[in-house]
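Chain residues, written in single-letter form:
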Amino acid sequence: MTNKILFLIILVASAIYANSQERCGTAAINQQRMEKSSEYKKARDKVNNQTAKWIKEHPNYTPETTITIPVVVHVVWNTNDQNISDTQIQSQIDVLNADFNRTNIDAINTPNIWQNIAADCEIEFCLANIDPNGNPTTGITRTQTNTSQFQISGPSVEDASTGGKEPWNINQYLNIWVCNLGGGVLGYASQPSEFLSSNDGVVINYTNFGNSGNSNAPYHKGRTATHEVGHWLNLDHIWGNNNCGNDYITDTPKQEKDNNGCPGFPHNINSCNTPNINGDMFMNYMDYTNDQCMNLFTKGQKTRMLAAINEYRPNILTHSLCSGTANILETNTNKKEILKIVDVLGRVTNKQSRGMPLFYIYNDGSVEKKLIP
Ligand code: ZN
Ligand code: CA
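Reading guide: rules and limits
The written sequence of each chain sets the order in which its residues are numbered from 1. As a convention, the first chain written is A and the first ligand written is 1, with the rest following in written order. Note on the predicted model: pLDDT of at least 70 is required for a residue's local features to be given, and 80 or more for side-chain atom pairs to be given and counted; whole-chain, interface and lining totals, by contrast, use all residues. Each helix is a run of DSSP H or I of at least 4 residues and each strand a run of E of at least 2, with the numbering of both proceeding from the N terminus. With C-beta atoms placed from the backbone, a residue is labelled by how many other C-beta atoms lie within 10 Å of its own: buried for 20 or more, exposed for 12 or fewer, partly exposed between the two. A pair of residues counts as a contact when their C-beta atoms, built from backbone coordinates, are within 7 Å of each other. For a helix, the expected span equals 1.5 Å multiplied by the number of residues minus one. Two strands qualify as a pair provided that DSSP identifies no fewer than 2 bridges between them. Here an angle of 0 to 180 degrees is reported between the N-to-C directions of two axes, which are lines fitted to C-alpha atoms, with helices fitted over the stretch in contact. These descriptions rest on fixed angle ranges, namely under 35 degrees for roughly parallel, over 145 for roughly antiparallel, 65 to 115 for roughly perpendicular, and the rest for oblique. Take the far helix as your reference; a near helix turned counterclockwise from it by less than a right angle gives a left-handed crossing, and one turned clockwise gives a right-handed crossing. Put simply, Ala, Val, Leu, Ile, Met, Phe, Trp, Tyr, Cys and Pro go in the nonpolar bin, Asp, Glu, Lys and Arg in the charged bin, and everything else, Gly too, in the polar bin. Throughout this description, the term nonpolar core refers to a group of buried Ala, Val, Leu, Ile, Met, Phe, Trp, Tyr and Cys residues whose C-beta atoms join them within 7 Å. The pLDDT value tells you how sure the predictor is about a given residue, anywhere from 0 up to 100.

Peer 1: Quick question: what am I supposed to make of the overall build of the protein here?
Peer 2: A count of helical and extended segments in the protein gives 8 helices and 9 strands. Per-residue burial for the protein yields a buried fraction of 36% across its 373 residues. Here the contacts in the protein between residues at least 6 apart in sequence split such that 66% fall between residues at least 24 apart.

Take a look at the structure:
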């Protein structure tokens, strides 16, 4: 065999490898958690059942006020170029806001046939300006690390013991870690379940975050975070992580597998043994196509994300983590505190038994009688 032929074989093999490489690690994270605990699979099945039920019970749901997700971006850096700029971070927040409100300028590229199911998801994002202690913040943390590269299998960027950064309260903030992520993975997210843990959130490779600065083509338009936040709000890949699998969304067509690059429309007509003249919805954010070829979430996906917020991330619905310092600090200082709890004989107690009245004495002089039912 000549060197030339050998070189060609290697070239073809590496091209195939590059194509089949998973750019999103969410399925791998799920797999890892299932292997660690049989309860995780049950918890995710439960989420899928509860979500279907919630959607059925709320057919005309619209949020009472604008949903704004408070975001904290944790930059965990080893080299200077990993310490991305505030501008690059803000560009990502802007992309999320455009994509989730269908104000993305490439919305016109959605094929006509799907324009009417493309959704304004009515979900907004802000960098938090109040931290978990009630102090003002930029919504950005910066941590220098000795870990040169993080991996799904570890070292884990969500874990301080492996050189990462611990999250802010996962029930209140969307934690987004930006770091040097290895293994060819551009990002990953944790989907909602009772298994929410200290690594709940979204992780994005620093060269695929935002649409400026260090962001690299063809994943340089901030769509990795759009995709991963979709997972964080309970969306699955459009092909259902299986050959013609189920993504639990009715208005996305069945799809055989992931698409890469930038296909022309229509693509893969009549795949999955079903008549489908429009083919794959490869420009959906939950596919694997290039950033500049993605441009929509569907109404079905919007409904599933709103269900996820209501059921699993309800603190997002009401908070003031993006609207200045006043609210939280005021309530903290004005909040009355319990001085002591006494029983009917005036004895200080911390025992609560049924039918026994207790008196709560507060620092503002008020007393409340409470009866344990
Ligand atoms: Zn994904
Ligand atoms: Ca579908």
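Read on for the rest.
Peer 1: I would appreciate a short explanation of helix α4 (residues 86-100) in the present structure.
Peer 2: Residues three or four positions apart in an α-helix share a direction because the helix packs 3.6 residues into each turn. Taking 1.5 Å per residue as the helical rise, α4 with its 15 residues ought to reach 21 Å, and the 21 Å between its terminal C-alpha atoms agrees with that figure. Every buried residue belonging to α4 is among Q88, I89, S91, Q92, I93, V95, L96, D99 and F100, and all of these are buried. Of the surrounding secondary structure, the elements contacted by the buried residues of α4 are β1 (67-77), β2 (123-127), β3 (140-144) and α6 (223-232). Of the residues one or two after α4, R102 is the one with positive phi, at around 50°.

Peer 1: Is there a simple way to explain the pairing of strand β6 (residues 202-205) in this structure?
Peer 2: Look at any regular strand and the pattern is simple: side chains alternate between the two faces of the sheet. Residues of β6 alternate between two faces, with V202 and I204 on one and V203 and N205 on the opposite face, all of them buried. Pairing between strand β4 (residues 174-179) and β6: 4 bridges, direction parallel. Within β6, the residue paired with C179 across the bridge is N205. Pairing of strand β5 (residues 187-189) with β6, which is carried by 3 bridges, proceeds in the antiparallel orientation. Bridge pairing in β6 places G187 opposite I204.

Peer 1: Teacher, can you tell me more about the packing of α4 against α6 here?
Peer 2: Packed helix pairs are characterised by how far apart their axes lie and by the angle those axes make with each other. Interaxial distance between α4 and α6 falls to 9 Å at its minimum, and their mutual angle equals 60°. By the angle between their axes, α4 is oblique relative to α6. Of the two elements, α4 crosses α6, and the hand of that crossing is right-handed. Between α4, through Q92, V95, L96 and D99, and α6, the contact on the second element is made entirely by A225, T226 and V229. Looking at the contact of α4 with α6 residue by residue, the class counts come to 4 nonpolar, 2 polar and 1 charged.

Peer 1: Please clarify how the nonpolar core should be interpreted in this entry.
Peer 2: When a protein is soluble and globular, its nonpolar side chains tend to lie buried together. In terms of nonpolar packing, the biggest core is built from 65 residues, with V71, V73, I176, V178, C179 and V202 touching the most fellow members. Looking at this core, the elements that each hand over two or more residues are β1, α4, β2, β4, β5, β6, α6 and α7 (299-312). Of all the elements, β1 adds the most residues to this core, at 7 residues. Those residues in contact with V71 that lie beyond four places of it in its chain are I93, F125, C126, L127, A128, G139, Y173, L174 and I176.

Peer 1: Any chance you could explain the pairing of β1 here in plain terms?
Peer 2: A large share of β1 lies buried, amounting to 9 of its 11 residues. The pairing of β1 with β2 spans 5 bridges and is parallel. Looking at β2, one finds that I67 is bridged to I123. Pairing of β1 with β3, which is carried by 5 bridges, proceeds in the parallel orientation. Within β3, the residue paired with H74 across the bridge is T141.

Peer 1: What am I meant to see in the environment of G164 here?
Peer 2: Looking at the element boundaries, G164 is found in the loop between β3 and β4. Setting aside its immediate chain neighbours within four residues, G164 contacts V76, F150, P155, S156, V157, E158 and D159.

Peer 1: Please clarify how unusual backbone geometry should be interpreted in this entry.
Peer 2: Trans is the prevailing form of peptide bonds, just as negative phi is the prevailing case for residues other than glycine. Omega for the bond connecting G154 with P155 falls within 30 degrees of zero, at 0°, which places this linkage in the cis form. By secondary structure assignment, the location of P155 is in the loop between β3 and β4. A cis geometry characterises the amide bond from F265 onward to P266, with omega recorded as -5°. Within the fold, P266 resides in the loop between α6 and α7. Within the chain, N241 stands out as a residue other than glycine whose phi angle is a positive 55°. Within the secondary structure layout, N241 lies in the loop between α6 and α7.

Peer 1: Just checking my understanding: could you explain the environment of N208 for this structure?
Peer 2: In this structure, N208 sits in the loop between β6 and α6. N208 gets classed as buried once you count the C-beta atoms within 10 Å, which come to 27. Along the backbone, N208 and Q92 are 116 residues apart, and their C-alpha atoms lie at a distance of 9.7 Å.

Peer 1: Please clarify how the environment of F195 should be interpreted in this entry.
Peer 2: Tracing the chain through its elements places F195 in the loop between β5 and β6. Residues F195 and E39, spaced 156 residues apart in sequence, show a C-alpha to C-alpha distance of 8.6 Å.

Peer 1: Help me understand the confidence of the model for the protein in this model?
Peer 2: Note: predicted coordinates in regions of low pLDDT should not be interpreted at a detailed level. Across the protein, pLDDT averages 88, with 82% of residues at or above 70. In the predicted structure, residues 6-20 sits below a pLDDT of 50 and forms 2 contacts with residues beyond four places in sequence or in another chain.

Peer 1: Looking at this model, I keep getting lost on the packing of helix α3 (residues 38-57) against α7. Mind explaining?
Peer 2: Remark: α3 packs on α7, axes separated minimally by 10 Å, with the N-to-C direction vectors making an angle of 105°. As far as their axial angle goes, α7 and α3 are roughly perpendicular. Contacts between α3 and α7 involve Q50, T51, W54 and I55 from the former and T303, R304, A307, A308, N310 and E311 from the latter. By residue class, the composition of the contact of α3 with α7 is 4 nonpolar, 4 polar and 2 charged.

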